[in-house]
Amino acid sequence: MKILSTVSLLLLITTLLNSQTITILDETDLQSIENVMVFGSDQKKFQLSNLNGSVDISIFKKADEIYFQHPSYELKKMTYNSLVSASKVYLHENNIKISEVVIAANKWAQNRSEISAKITSITSKQIELQAPQTSADLIGSSGEVFIQKSQQGGGSPMIRGFSTNRLLISVDGVRMNTAIFRAGNVQNIISIDPFSIEQTEVLFGPGSVIYGSDAIGGVMSFSTLTPKLSQNGKALIKGSAVTRYGSASNEMTGHADFNIGWKKIGLLTSISYNKFGDLKMGSHGPDDYLKNEYVERINGIDSVLANDDTQVQVPSGYSQINLMQKVRFSPNKNWDVNYGFIYSETSDYSRYDKHLQYKSGTLKYGEWSYGPQIWSMNTIEVKNYNSNQFYDEVSFRFSRQFFEESRIDRQLNKKTREVKTEKVWAYSSNIDFHRKLNDKNQLFYGVEWVLNDVDSKGYSEDIFSFDQNPVESRYPNSDWNSYAVYATYSSQIFEKLRLNLGSRYNYFTLNSAFDTALFNLPFTSAEINQGALTGSVGLVYNPINDCWINTNVSTGFRSPNVDDIGKIFEPAENTLVIPNADLDAEYAYNAELSVSNIFADVVKIELTGYYTLLNNAMVRRPFKYNGQDSIIFKGDTSLVVAIQNAANAHVVGLEAGIDAKLPLGFTLKSRFNVQKGEEEMEDGTVSPSRHAAPWFGTTHLVYSVQKFKCDLYAVYSGEVSYDNLPYDERGKTYIYALDENDNPYSPAWFTLNLKSIYQINKNFSLTASIENILDKRYKPYSSGLGAPGRNFILALKAKF
């Protein structure tokens, strides 16, 4: 035994003496890079770097050159002798790539070059440099998604002429859309903490085959941080802390996350807090946007006060807290179990555009705000990797979400406020399979169940006595169910041609119970039981190296939800929306063609053209209530309207992108989007689509050198003249600038911005930025809130 122990010790010493371990790091942020493939010039042997970026290169002693390859970094080659004296290898990020791994297409990791639909990714590194205030700003930083804001506590994305309940939000594979997502602007995306995001992907065009109802214009898929496990037997401890200040809103932000991982168990905790003051707009732009006065309650009286600084948008401040806790258990290489809890809550925040409205020569509202927006999600996901006749990998996912939102409004000098509160309990269960049939063919398939339970209440409150009386709720108490089965098939039918096919059948039900005690309706309940069949066909053609031609034909659908059939509210002066249970699903038919080409590994150009037809669209149209086209509501005569399947709409557009490597560490990145949408009106005329944004884009000039990166970029958008303004928008004179004829319009605008990050050492980094350097005063199209003026941002980040 003593001899064996001595031999073992000698072998260990010999191995250590002969080994040559190096660490591979990102040259900008000095963080370790996992899964770098290291191989010799003969390509017979290879090694992968571990979680700490470490790899043993001793097996490449006889190789002429050693290569370091990773999809996100430029290929690097070195000689063995040069590595012997070095303990670290630094890789430079590759901005010219098309082979990145994406998940949004089929919920499993795939090479982007195999997917016929367009997908854009935003990495955690990009998020760190851009330092977005909310996840709406995060999505907007892509330069391919337009963001509308009615208030600072909000952000409603527009993609390919669609928005709100015709776009789908997914968090860790769970749909965030609920049965009360409306056609008006929705703010739920701000509940997602940008600091907790590991990867964000945007799937453009219909995604109903995988994601079901609402995925008409696109899918925004957020993947949050996952606990890391130890690979060397010692506890893996990692974490970060961030503090940030922004001058335009006196933003104070703090964040911390902590990961501890053992061999089989990992824990991750994340917490963020944001406090934003009233947002200040720019100095140079339309005076129509200035906030000249505001309402403040003084000694129990609504007082209209002159604004000392008309660029400050009073009231627009709010605060928010985000929490996340994850637990991971991986007993062996075949099983991976993850539990996640996410919680988000805002303070009350004012609906700023409502505070711009006037009535009888004075401000209309004494108060108009959203109550705390609360979102929580409990998710458990079990993955099994075990090749058999049914699957190579399977994911079981169950989620329970809770949503709460409320609206509080009171007209100026009135003693009664109205409060309407909605709560939604959302349950979902998914089983997703991936089966690799052979080297050329693979199958993705699964089943899904979703339940939304909606509870809605309304009351009026005397602001002096606090006495409360019930009023009509915004929605009927309801439950919405969805049952679905789907499959997609991908086949390399020829060496240079890949075929992608997909289909989904969805059956959905909706049951609503109306309280007729406060609002007399001709019915007390509503029920919908319908099915929807969608599909997609796509081709990926690779005629020569570094060139891809993609074509995709797909359909999407949106089933009627509680907001469609049961809402009672006033969208405009003297107009009342009432329930209508006679609704069918609306369908989208989309065709697109995309060409991508990389020239000499230096320039990448992408062009995508698309056309989408929306059939049987659910829109507001004049309606009759007990045979009458108007009723007395709250003392005023109101025109009766309801959501009806009464229109068609279409959008045609072009998306262009260019990425180029320039000398001396510079890169150029530009995105440009143009779309034109039209929708059918009641009288047969055609109006521009409300959610088809004007042309917009971004152009970035990025400089990167070891430890330092800076980004000088422009953001720009075109004008929407009065003649091109959607008919529904022309009455909103309070949010738009006025042209020479005193008609509302949305002026063109651009901003110049500079962002930089310096990695002080491995543990500390400093971010310094100036947004809107020229201090432009502007509003993105359809926005009530003016964009930030010149904004100085300073952030310090610590990692361990």
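The rules behind each value
- Residues numbered from 1 in each chain as written.
- Predicted model: local features only at pLDDT ≥ 70, side-chain atom pairs only at ≥ 80, totals over all residues.
- Heavy atoms only, no water.
- Helix = DSSP H or I, 4+ residues; strand = E, 2+ residues; numbered from the N terminus.
- Rg over C-alpha atoms; globule rule 2.2 N^0.38 Å.
- Buried < 20%, exposed > 50% of the residue type's maximum accessible area, 1.4 Å probe, protein only.
- Contact = heavy atoms within 4.5 Å.
- Areas by Shrake-Rupley, 256 points an atom, 1.4 Å probe, with all protein chains shown as cover.
- Lys, Arg positive; Asp, Glu negative; His and termini not counted.
- Charge placed at Lys NZ, Arg CZ, Asp CG, Glu CD.
- Core = buried A, V, L, I, M, F, W, Y, C linked by side-chain atoms within 4.5 Å.
- Pairing = 2+ DSSP bridges.
- Axes fitted to C-alpha atoms, helices over the stretch in contact; angles between N-to-C directions.
- Patch = residues over 30% accessible without salt bridge, like charges linked within 9 Å, V, L, I, M, F, W, Y side chains within 5 Å.
- Salt bridge = Lys/Arg side-chain N within 4 Å of Asp/Glu carboxyl O.
- Polar contact = N/O pair within 3.5 Å; in protein donor to acceptor, adjacent residues only side chain to side chain.
- pLDDT = per-residue confidence, 0-100.
- Phe/Tyr/Trp six-rings, centres within 6.5 Å; stacked < 30°, edge-to-face > 60°.

### So, the overall build of the protein
A count of helical and extended segments in the protein gives six helices and 54 strands. For 800 residues, the compact-globule estimate of 2.2 N^0.38 gives 28 Å, and the protein sits close to it at 28 Å. Put simply, the protein has 800 residues, and 56% of those count as buried. Across the protein, the fraction of contacts at a sequence separation of at least 24, relative to all contacts at a separation of at least 6, is 66%. Accessible area of the protein: about 33,600 Å², with a carbon and sulfur share of 56%. Averaged over its 77 positive side-chain charges, the protein has a centre that lies 8 Å from the centre of its 86 negative ones.

### Focus on the nonpolar core
Core analysis: the largest hydrophobic core is formed by 77 residues, its most contacted members being Ile189, Ile192, Phe222 and Phe519. If one sorts the elements of this core by residue count, strand β45 (residues 636–661) sits on top with six residues. The contact partners of Phe519, leaving out residues within four places of it in the chain, are Glu472, Ile568, Leu576, Ile578, Tyr625, Ile631 and Phe633. Grouped together as the second largest cluster of nonpolar side chains are 17 residues, Val36, Val38, Phe60 and Ile66 included.

### Details of the pairing of strand β26 (residues 335–346)
Along β26, the buried face is formed by Asp336, Asn338, Gly340, Ile342, Ser344 and Thr346; none of Trp335, Val337, Tyr339, Phe341, Tyr343 and Glu345, which line the opposite face, is buried. Hairpin connection from strand β25 (residues 318–332) to β26: two residues lie between these consecutive antiparallel strands. Pairing of β26 with strand β31 (residues 374–385), which is carried by 11 bridges, proceeds in the antiparallel orientation. Each bridged residue has a counterpart across the sheet, and for Tyr339 the counterpart in β31 is Ile380.

### Section: the sheet that holds strand β4 (residues 54–56)
One open sheet accounts for three strands, arranged β4-β1-β7; its pairing is mixed. Each end of this open sheet is capped by a strand with a single partner; those strands are β4 and β7 (88–91). This sheet shows a mean twist of 30° between the axes of neighbouring strands, independent of strand direction. In this structure, strand β1 (residues 21–26) lies alongside β7, joined through four bridges in parallel fashion. When the bridges of β7 are listed, Leu25 appears paired with Tyr90.

### Quick word on a nonpolar patch on the surface
Together, Leu662, Leu664, Phe666, Leu701, Leu712, Phe750, Leu752, Leu754 and Leu774 give the surface a local cluster of nonpolar side chains, amounting to about 730 Å² of exposed area. With three residues, strand β52 (residues 749–759) is the single largest residue contributor to the nonpolar patch. Positionally, Leu664 belongs in the loop between β45 and β46 (666–680). Judged by its relative accessible area of 72%, Leu664 is exposed.

### As for the side chain of Lys709
By secondary structure assignment, the location of Lys709 is in strand β49 (residues 708–717). At 3.2 Å, the side chain of Lys709 forms a polar contact with the side chain of Glu93. Beyond its immediate sequence surroundings of up to four residues, Lys709 is in contact with Thr28, Glu93, Leu129, Val702, Tyr703, Ser704, Lys755, Ser756 and Ile757.

### Details of the sheet that holds strand β11 (residues 146–148)
Strand order in the open sheet formed by three strands is β11-β12-β13, with antiparallel pairing between adjacent strands. The open sheet has two edge strands with one neighbour each: β11 and β13 (162–163). The pairing of strand β12 (residues 156–159) with β13 spans two bridges and is classified as antiparallel. For Ile159, the partnering residue across the bridge sits in β13 and is Phe162.

### Section: the confidence of the model for the protein
Of all residues in the protein, 97% have pLDDT values of 70 or greater, and the mean over the chain is 93. Residue range residues 9–17 is modelled with pLDDT below 50. Its contacts to residues more than four positions away, or to other chains, number zero contacts.

### Digging into the pairing of β12
Residues Ser156 and Met158 point to one face of β12 and Pro157 and Ile159 to the other, with burial holding for every one of them. In terms of strand pairing, β11 meets β12 through three bridges, oriented antiparallel. Across the sheet, the residue bridging to Ile147 is Pro157, located in β12. Here β12 folds back onto β13, and the loop between the two strands holds two residues, one of which, Arg160, carries a positive phi near 50°.

### Considerations on the packing of aromatic side chains
Following the criterion strictly, the structure yields 16 aromatic pairs and no others. Both rings, one in Phe39 and one in Tyr67, keep their centres 5.4 Å apart while their planes meet at 10°; by these two values the pair is stacked. Within this pair, whereas Phe39 is found in strand β2 (residues 37–40), its partner Tyr67 is found in strand β5 (residues 66–70), the two being separated by 28 residues in sequence. Looking at Phe39, the relative accessible area reads 10%, which means it is buried. Relative to Tyr370, the ring of Trp368 lies with its centre 5.5 Å away and its plane at 75°, an arrangement referred to as edge-to-face.

### Re the environment of Pro543
Note on placement: Pro543 falls in the loop between β38 (525–541) and β39 (547–558). Separated by 75 residues in the primary sequence, Pro543 and Met618 have C-alpha atoms spaced 42 Å apart. Those residues within four positions of Pro543 in sequence are excluded, and the remaining contacts are Lys496 and Ile549.

### Points about the pattern of salt bridges
The full count for this structure, using the stated rule, is 45 salt bridges. Taking the shortest distance from any N to any O, the salt bridge between Arg397 and Glu381 comes out at 2.9 Å. With Arg397 in strand β32 (residues 393–411) and Glu381 in strand β31, this pair connects stretches of sequence that are 16 residues apart. Exposure class is identical for Arg397 and Glu381. Each is buried.

### Here's the deal with unusual backbone geometry
Cis geometry is found at the peptide bond from Val314 to Pro315, where omega equals -5°. Along the chain, the position of Pro315 falls in the loop between β24 (312–313) and β25. At Ser360, a position not held by glycine, the phi torsion is positive, near 55°. Assignment of secondary structure puts Ser360 in the loop between β28 (358–359) and β29 (362–363). Using a relative accessible area of 76% as the deciding quantity, one classes Ser360 as exposed.

### Side note on the side chain of His70
The topology assignment puts His70 in strand β5. A polar atom in the side chain of His70 sits 3.4 Å from the backbone oxygen of Glu34. Those residues within four positions of His70 in sequence are excluded, and the remaining contacts are Ile33, Glu34, Asn35 and Val36.

### Some details on the environment of Glu100
If you trace the backbone, Glu100 turns up in the loop between β7 and β8 (101–102). The class of Glu100 is buried, set by a relative accessible area of 14%. Along the primary structure Glu100 and Glu678 are separated by 578 residues, whereas in three dimensions their C-alpha atoms are 35 Å apart.

### Details of the environment of Asp392
In this fold, Asp392 is placed in the loop between β31 and β32. Accessibility expressed as a relative area gives 17% for Asp392, which makes it buried. The spatial distance from the C-alpha of Asp392 to the C-alpha of Ala179 is 34 Å, given a sequence separation of 213 residues. At 2.8 Å, the side chain of Asp392 forms a polar contact with the side chain of Ser387.

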